[in-house]
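What follows is each chain in one-letter form.
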Amino acid sequence: MDIRIGMVGAGQIGEDHARRITEKIAGARVTAVASRRREPAERVAALCGARVEPDFAALLAAGDVDAVVLASPSELHEEQTLLALAAGKPVFCEKPLAITAAGCRRIVEAEIRQGKRMVQVGFMRRYDRGYRELKRAIEGGAFGAPLMVHCAHRNIAPHGHFTTEMSVTQTAIHEIDVLRWLLSDDYASVQVRFPRQTANADADVLRDPQLMLLQTRGGVCIDLEVSVNCRYGYDIQCEAVCENGVLRMPDPSGLLVRADAKRYTALETDWVLRFLDAYDQELQEWVEDLQNGRLRGPSSWDGYAAAVTADALLRAQKSGEIEPVSLEPCPEIYVMPNL
Ligand code: NAP
């Protein structure tokens, strides 16, 4: 039987997810939409043959909503996730799980009280084909243990107001999660270095680029370049240096063009297109896991671990020092085979 979904938030990603569930995902349909203003909610509801509920409380109480997708503003995620848990309804929460580590922790505690996993966080990079290939190769063991990971996260230019801190909370947050998953290891410490400032950003508001250095408990050193004004394209790079080989995540395949005395492949210009397949796969697997009664995707604990690491990076931006990452032992309900 189809999982009946209540969509919360009719903005950019809410609309994308509603369309995706309607057009691509097997085993689920959107039955209700709630947003702040009625007009966007009606537009999204019309896309998926759903009705509009006046607010989140009404959507949660509806008899034909089995699970909710939160695509609302980040500062609402904690309250809405806690209310959904209290109502016994599974939640797919777009990242971040909450805007503070303490908020994520409250969700972890509430979920533990329920006695089973009910929350999944929208860290979609874990569903990207390239990252999955890289993880399989690392875990296969043929190349020995990973020693270092070189990464880059480059955006053409930020949308709207963007600050030095947002390079951690909005941008690096994806690498924080996916590298922890890739290496099956938690972080021990972090540091942030500021190279020469790009003329493309006002240094009083946004220090750009940034070099984030993370070390895992197992000793792997990660260097992550975050450049949110690179101007040339949306470019995500990841290369694992292992004992007996170097594994580079494949670039998304595109047409190889030979023309005008050049040989080139076009890059995407934004994350929506670069990770289109990963977003589809993440929701498809979430639906299948709900049907099987066992969630395996990014958990509340993963959302909490990412928030704790992001906090350490924010401290490191200010201090210039190596900052420790202090994470308690993982509670039992979150210890399960990774994807
Ligand atoms: P957005 O375009 O601003 O959409 C947010 C939507 O939530 C708007 O339709 C807004 O309505 C609605 N809303 C506001 N208050 C609400 C309430 N009380 N109840 C229900 N809906 C409410 O933002 P977005 O870019 O879609 O981002 C939404 C979330 O997804 C953010 O947390 C963001 O971090 C996350 N996100 C994740 C990824 C990813 O890569 N995984 C990518 C993009 C975004 P109004 O317009 O009327 O205020």
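Presented here is a report on the structure given in the accompanying data block. (Residues numbered from 1 in each chain as written. Predicted model: local features only at pLDDT ≥ 70, side-chain atom pairs only at ≥ 80, totals over all residues. Heavy atoms only, no water.)

### Notes on the overall build of the protein
A count of helical and extended segments in the protein gives 10 helices and 15 strands. Relative to the 2.2 N^0.38 estimate, which gives 20 Å for 339 residues, the radius of gyration of the protein is 20 Å and therefore close to what a compact globule would have. Among the 339 residues that make up the protein, the fraction classed as buried is 53%. Partitioning the intrachain contacts of the protein with sequence separation of at least 6 by distance along the chain shows that 72% fall at a separation of at least 24. Surface summary for the protein: the accessible area is close to 15300 Å², and the carbon and sulfur share equals 51%. The average position of the 39 basic charges and that of the 48 acidic charges among the side chains of the protein differ by 1 Å. (Helix = DSSP H or I, 4+ residues; strand = E, 2+ residues; numbered from the N terminus. Rg over C-alpha atoms; globule rule 2.2 N^0.38 Å. Buried < 20%, exposed > 50% of the residue type's maximum accessible area, 1.4 Å probe, protein only. Contact = heavy atoms within 4.5 Å. Areas by Shrake-Rupley, 256 points an atom, 1.4 Å probe, with all protein chains shown as cover. Lys, Arg positive; Asp, Glu negative; His and termini not counted. Charge placed at Lys NZ, Arg CZ, Asp CG, Glu CD.)

### Things to note about the site of the ligand
What surrounds the ligand is a group of 25 residues, the closest being Arg-36, Arg-37, Ser-74, Glu-94 and Tyr-279. Between Tyr-279 and the ligand, the recorded distance is 2.6 Å, taken from a side-chain N or O atom to an oxygen atom. Against a free-state accessible area of 910 Å², the protein chains account for coverage of 78% of the ligand. Elements with a contribution of two residues or more to the shell around the ligand: helix H1 (12-23) and helix H4 (77-86). The residue makeup of the shell around the ligand, split by class, is 11 nonpolar, 10 polar and four charged. (Near = heavy atom within 4 Å. Polar contact = N/O pair within 3.5 Å; in protein donor to acceptor, adjacent residues only side chain to side chain. Nonpolar A, V, L, I, M, F, W, Y, C, P; charged D, E, K, R; others polar.)

### Here we look at the packing of aromatic side chains
As enumerated under the stated definition, the model contains five aromatic pairs in all. Taking 6.3 Å as the distance between ring centres and 25° as the angle between the ring planes, the aromatic pair formed by Trp-301 and Tyr-334 counts as stacked. Of the two residues, Trp-301 is situated in helix H10 (residues 300-319) and Tyr-334 in the segment after strand E15 (323-324); the sequence distance between them amounts to 33 residues. The two residues Trp-301 and Tyr-334 agree in class, both being buried. Taken together, Trp-301, Tyr-304 and Tyr-334 form an aromatic cluster joined through their ring pairs. Residue placement shows Lys-135 over the ring face of Trp-181; its charged tip is 5.0 Å from the ring centre. In this arrangement the basic side chain of Arg-274 is found over the ring face of Phe-275, its NZ or CZ atom lying 4.4 Å from the centre. (Phe/Tyr/Trp six-rings, centres within 6.5 Å; stacked < 30°, edge-to-face > 60°. Lys NZ or Arg CZ within 6 Å of the ring centre and 35° of its normal.)

### Section: the state of the cysteines
Using the criterion set out here, one finds zero disulfides in the structure. Free cysteine Cys-238: the closest other cysteine sulfur is in Cys-151, separated by 4.0 Å. Judged by relative accessible area, which is 1%, Cys-238 ranks as buried. (Disulfide = S-S within 2.5 Å.)

### Considering the pairing of strand E7 (residues 146-154)
Inspection of the sheet shows E7 paired to strand E11 (residues 235-242) by eight bridges, in the antiparallel sense. Note that in E11 the partner of Pro-146 across the bridge is Cys-242. Pairing analysis gives seven bridges linking E7 to strand E10 (residues 221-227), with the strands arranged parallel. When the sheet's bridge partners are listed, Val-149 is paired in E10 with Ile-222. (Pairing = 2+ DSSP bridges.)

### What about the environment of Thr-22?
Structurally, the position occupied by Thr-22 is in helix H1. We classify Thr-22 as partly exposed; its relative accessible area is 37%. Residues Thr-22 and Gln-291, spaced 269 residues apart in sequence, show a C-alpha to C-alpha distance of 17 Å. Discounting chain neighbours no more than four positions away, the residues touching Thr-22 are Val-30, Leu-47 and Cys-48.

### Quick look at H4
For H4, the complete set of buried residues consists of His-77, Glu-78, Gln-80, Thr-81, Ala-84 and Leu-85. Considering only its buried residues, H4 is in contact with strand E1 (3-8), helix H3 (56-61), strand E4 (67-70), strand E5 (91-93), helix H5 (101-114) and strand E6 (119-121). Positioned one or two residues after H4, Gly-88 has a phi angle of 75°, which is positive.

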